[in-house]
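Listed below are the residues making up each chain.
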Amino acid sequence: MDEYSSSVCCSEYDFTVSNNLKFYRPCSLDELVTLTNFNKKEIQVIYQGFKQECPSGIVNEETFKNIFGHFFPFGDTKQYAHLIFSTFDLRSSGIVTFEDFLIGLSTLCRGTIEDRLKWIFKLYDNRKTGRLTKDDFHVIVCAVHSLLGNASNRHTDYTITQEHTTIVFQKFDQKNQGYITIEDFVSICLQDSSIVQSIEALRITV
């Protein structure tokens, strides 16, 4: 019987070990509906895709990177995939459960624009300090640069990413503090119509 055919709800992360593999039993559809902005039918569709890629019900970073890499066959996706995985990994446990994945997806696809901007801030805040520095921006700029397959000349790439980082950071660090808070980030993004339009494009129908 499929996990979502039963009414069992796991309030905690319940792992069992079978043949040296970890299997995860997710909570019920009803609880997932309350945790996200998806309805039952949408959750079932997402779950089928998740289980196809991750039969154990969980995904580690290595597997996530492999899956993510299929979408960008000509780029180096490792760094960007690491940042995304860390943002989905709500407990910093090294694994992402279906709930983790669904909650993140719900935020990106159905959350308010403020919710989505806060999620993106967490993606950029790879050191989990609650502040973004120029170094944090450089990490994400380099990750995107590699993702798009721009790695032909390391010296040129470094110069380009440094210049791009400086421009972007100056745009956000309007108080000249040397760092950006989540409030600063959200406020400045909301003032930029092109950013708002890009974020709104994340809304999809499952």
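Above this text is the structure in question.
The rules behind each value
- Residues numbered from 1 in each chain as written.
- Predicted model: local features only at pLDDT ≥ 70, side-chain atom pairs only at ≥ 80, totals over all residues.
- Heavy atoms only, no water.
- Helix = DSSP H or I, 4+ residues; strand = E, 2+ residues; numbered from the N terminus.
- Buried < 20%, exposed > 50% of the residue type's maximum accessible area, 1.4 Å probe, protein only.
- Contact = heavy atoms within 4.5 Å.
- Areas by Shrake-Rupley, 256 points an atom, 1.4 Å probe, with all protein chains shown as cover.
- Phe/Tyr/Trp six-rings, centres within 6.5 Å; stacked < 30°, edge-to-face > 60°.
- Axes fitted to C-alpha atoms, helices over the stretch in contact; angles between N-to-C directions.
- Parallel < 35°, antiparallel > 145°, perpendicular 65-115°, else oblique.
- Left-handed = near helix turned anticlockwise from the far one by under 90°.
- Nonpolar A, V, L, I, M, F, W, Y, C, P; charged D, E, K, R; others polar.
- 1 Å grid on protein atoms, 1.4 Å probe; cavity = no way out; pocket = protein on both sides within 12 Å on 5 of 7 lines; lining within 4 Å.
- Points joined across faces, edges and corners; volume = space filled by probe spheres on them.
- Domains from an automatic or database assignment.
- Expected span 1.5 Å × (residues − 1).
- Polar contact = N/O pair within 3.5 Å; in protein donor to acceptor, adjacent residues only side chain to side chain.

K.L.:
Go over the overall build of the protein with me, naming the residues and quoting the values.
P.N.:
From N to C terminus, the protein includes ten helices and six strands. The burial tally for the protein puts 40% of its 206 residues in the buried class. Considering only contacts within the protein whose residues lie at least 6 apart along the sequence, 57% involve residues at least 24 apart. Accessible area for the protein stands at about 12000 Å²; split by element, carbon and sulfur atoms hold 52% of it.

K.L.:
Provide a residue-level description of the packing of aromatic side chains, including the pertinent values.
P.N.:
Under the defined criterion, the tally for this structure stands at 16 aromatic pairs. Plain terms: the ring middles of Phe68 and Tyr80 are 6.1 Å apart, the flat faces sit at 25° to each other, and that makes the pair stacked. Here Phe68 is found in helix α3 (residues 61-69), whereas its partner Tyr80 is found in helix α4 (residues 78-88), with twelve residues between them in sequence. Each member of the pair, Phe68 as well as Tyr80, carries the same accessibility label: buried.

K.L.:
Account for the packing of helix α6 (residues 113-124) against helix α9 (residues 182-190), with residues named and values stated.
P.N.:
Interhelical geometry of α6 versus α9 gives an angle of 125° and a closest axis separation of 10 Å. Relative to α9, the element α6 is oriented oblique. Between α6 and α9 lies a crossing whose hand is right-handed. Residues Ile113, Glu114, Leu117, Lys118, Ile120, Phe121 and Tyr124 of α6 form the contact with α9, whose own contacting residues are Ile182, Phe185, Val186, Cys189 and Leu190. Within the contact of α6 with α9, the residues separate by chemical class into ten nonpolar, no polar and two charged.

K.L.:
Give me unusual backbone geometry: which residues, what numbers.
P.N.:
Backbone geometry at Ser92 places phi at a positive 55°, although glycine is not the residue there. One can find Ser92 in the loop between α4 and β4 (95-97). With a relative accessible area of 64%, Ser92 lands in the exposed category. Backbone geometry places Asn176, a non-glycine residue, at a positive phi of 55°. By the secondary structure assignment, Asn176 is in the loop between α8 (154-172) and β6 (180-181).

K.L.:
Could you give an account of the layout of surface pockets, with specific residues and numbers?
P.N.:
By volume, the largest pocket is sized at about 1400 Å³. What lines the largest pocket is a set of 46 residues, and nearest its centre among them are Phe68, Tyr80, Ile84, Trp119 and Leu123. Considering each element in turn, the lining of the largest pocket owes the most residues, six residues, to α8. Within the lining of the largest pocket, the residues separate by chemical class into 36 nonpolar, eight polar and two charged. Of the domains in this structure, domain 1 (28-111) and domain 2 (113-205) are the two that each give at least three residues to the lining of the largest pocket. In this structure, the second largest pocket spans a volume of roughly 290 Å³. Ser86, Thr87, Leu90, Trp119 and Lys122 are, among the 13 residues lining the second largest pocket, the residues nearest its centre. Mapped onto the lining of the second largest pocket, the elements with two or more residues apiece are α4, α5 (98-110) and α6. In terms of residues, the lining of the second largest pocket owes the most to one element, α6, which gives four residues. Considering only residue class, the lining of the second largest pocket consists of three nonpolar, five polar and five charged. Mapped onto the domain boundaries, the lining of the second largest pocket takes at least three residues apiece from domain 1 (28-111) and domain 2 (113-205).

K.L.:
Tell me about helix α2 (residues 40-53), and please be specific about residues and values.
P.N.:
In this model, α2 (14 residues) spans 20 Å end to end at C-alpha, consistent with the 20 Å of a helix rising 1.5 Å per residue. Looking at where α2 begins, the residue whose side-chain oxygen comes 3.2 Å from the main-chain nitrogen of Lys41 is Asn39.

K.L.:
Before we move on, can you summarise the packing of α4 against helix α7 (residues 134-147) with the specific residues and values?
P.N.:
Relative to each other, α4 and α7 sit at 125°, their axes nearing to 7 Å. Judged on the interaxial angle alone, α7 and α4 are oblique. Within the contact between the two elements, α4 uses Gln79, Tyr80 and Leu83 and α7 uses Val139, Ile140, Cys142, Ala143, Val144 and Leu147. Here the residues of the contact of α4 with α7 are counted per class, giving eight nonpolar, one polar and no charged.

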